[in-house]
Amino acid sequence: MIPATFTYRRAASVDEALRMLADSGGDARLLAGGHSLLPAMKLRLDRPGTMIDISRIDELAAIEESGSGVRIGAAATHDRIASCDLVGTRAPLVAAAAGVIGDVQVRNKGTIGGSVAHADPAADYPAALLASDAVIHVRGPASSGGGGSRQIAAADFFVDLYTTALEDGEIVTAVEVPDQGGAGSSYQKFPHPASRFAVCGAAVSVATDGGRCTRARVALNGVAAAAFRDSGVEAALEGATLDAGAVQAAAAKAADGRELLSDLFADEDYRRHLAKVFVRRALTAATG
Ligand SMILES: Cc1cc2nc3c(=O)[nH]c(=O)nc-3n(C[C@H](O)[C@H](O)[C@H](O)COP(=O)(O)OP(=O)(O)OC[C@H]3O[C@@H](n4cnc5c(N)ncnc54)[C@H](O)[C@@H]3O)c2cc1C
């Protein structure tokens, strides 16, 4: 399958990419790893007139300390994130999610910025970012609020199927994960056997004091149109002594009351079942 004709441009800086976007009149797409955009173009689901390559912008590639957390540049590839000690220590859920994305080829080219901007419901990062209380850094035209820069909590970023809080002309510049305060965490995934995308992915982060849960974050992707935090499971965990019975009882509430996706591979009932099983597995691993 061959994409429709397009003009290729490469930006050397975020400012230049923003100018190119503004000049395009809405007919351009940013090109990062190309592992979601190019398949869509080959299927003619997307036909941008211009592609703006942002994959070689140094300021988007850095992974660095940010206070006691970590700031991951939007152009960092899944493989770099999975193998980075700083991310593994400061943002273990993000490292875990990165390590189970697709295959080696996908992890070597795909980027965290491209993944969050694309907002595929079956992508692995969203649940990890929600359960880590991450923040998405965004830059847009200087005419927009805040001199063109804003930060969006992950909880507000993933809006719907392939829909985020990004506005036209904005670029994701980084993902910032705050200090996890020693919480136990785990990301557990049921991958589609062909694509490796998440049919169900459960990310949990649980802080305890004397065996009692003081803070719980439980998030799911793959099962619904957008990744979400499961407040029913979190409420069942907070204040509870985290023995096997409490974990089982909390996990049994996963995805309750939610409208879930249904397709030829996994219908809604099966996805609800997977949500409960994978939340239990993630909680068991995080509290073990
Ligand atoms: C065979 C295969 C298997 C896969 N398996 C998985 C999987 O198991 N789990 C998973 O999570 N993903 C999976 N993916 C998707 C993969 O992770 C993609 O790399 C990712 O979704 C998109 O990142 P990218 O850098 O390739 O973005 P691109 O494809 O370059 O861009 C995707 C979209 O985001 C926009 N964009 C890119 N960067 C930015 C930015 N900084 N700011 C704003 N907009 C931006 C682009 O304009 C485009 O619309 C798979 C892909 C393939 C081809």
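Our structure is the block above this text.
Residues numbered from 1 in each chain as written. Predicted model: local features only at pLDDT ≥ 70, side-chain atom pairs only at ≥ 80, totals over all residues. Heavy atoms only, no water.

> Explanation requested: the layout of surface pockets in the structure shown.
If you roll a probe as big as a water molecule over the atoms, it shows you where there is empty space left. Taken as a whole, the second largest pocket encloses approximately 190 Å³ of empty space. Lining the second largest pocket are 13 residues, and of these Ala-122, His-192, Phe-197, Asp-263 and Arg-271 lie nearest its centre. For the lining of the second largest pocket, the per-class residue count stands at seven nonpolar, three polar and three charged. (1 Å grid on protein atoms, 1.4 Å probe; cavity = no way out; pocket = protein on both sides within 12 Å on 5 of 7 lines; lining within 4 Å. Points joined across faces, edges and corners; volume = space filled by probe spheres on them. Nonpolar A, V, L, I, M, F, W, Y, C, P; charged D, E, K, R; others polar.)

> Could you clarify how one ought to interpret helix H11 (residues 244-251) in this entry?
Three- or four-residue spacings in an α-helix give side chains the same orientation, since the helix completes a turn every 3.6 residues. Buried within H11 we find Ala-246, Val-247, Ala-250 and Ala-251. With its buried residues spanning 125 degrees around the axis, H11 presents them on a single face. The secondary structure elements touched by the buried residues of H11 are helix H10 (231-237) and helix H12 (268-287). (Buried < 20%, exposed > 50% of the residue type's maximum accessible area, 1.4 Å probe, protein only. Helix = DSSP H or I, 4+ residues; strand = E, 2+ residues; numbered from the N terminus. Arc of directions from axis to C-beta. Contact = heavy atoms within 4.5 Å.)

> What is the right way to look at the sheet that holds strand S5 (residues 69-73) in this model?
Think of a sheet as strands paired side by side through backbone hydrogen bonds, with each pair either parallel or antiparallel. Spatial ordering of the open sheet is given by S4-S5-S10-S6-S7, a layout of five strands whose pairing is antiparallel. The sheet is open, and its two borders are formed by strand S4 (63-66) and strand S7 (149-153), each paired with just one other strand. Strand-to-strand, the axes of this sheet are offset by a mean angle of 25 degrees, without reference to chain direction. Bridge analysis of S5 against strand S10 (residues 171-177) gives four bridges, and the strand direction is antiparallel. Bridging from a neighbouring strand, Gly-73 pairs with Ala-174 of S10. Strand contacts of helix H1 (residues 14-23): strand S6 (135-139) and S10, with the helix running at about 135 degrees to S10, the strand carrying the most contacts. (Pairing = 2+ DSSP bridges. Axes fitted to C-alpha atoms, helices over the stretch in contact; angles between N-to-C directions.)

> Just to check I follow, could you spell out the side chain of Ser-115 for this structure?
Mapped onto the secondary structure, Ser-115 falls in helix H7 (residues 112-118). The class of Ser-115 is buried, set by a relative accessible area of 16%.

> Got a minute to help me understand empty space enclosed by the protein in this structure?
Counted under the stated rule, the structure contains one cavity of 30 Å³ or more. There is about 40 Å³ of room inside the largest cavity. Around the largest cavity, the lining residues are Ala-119, Asp-120, Pro-121, Pro-126, Phe-158, Asp-160, Ala-225, Ala-226 and Ala-227. The residue makeup of the lining of the largest cavity, split by class, is seven nonpolar, no polar and two charged. Taken together, domain 2 (62-177) and domain 3 (184-287) each give at least three residues to the lining of the largest cavity, which thus spans both. (Domains from an automatic or database assignment.)

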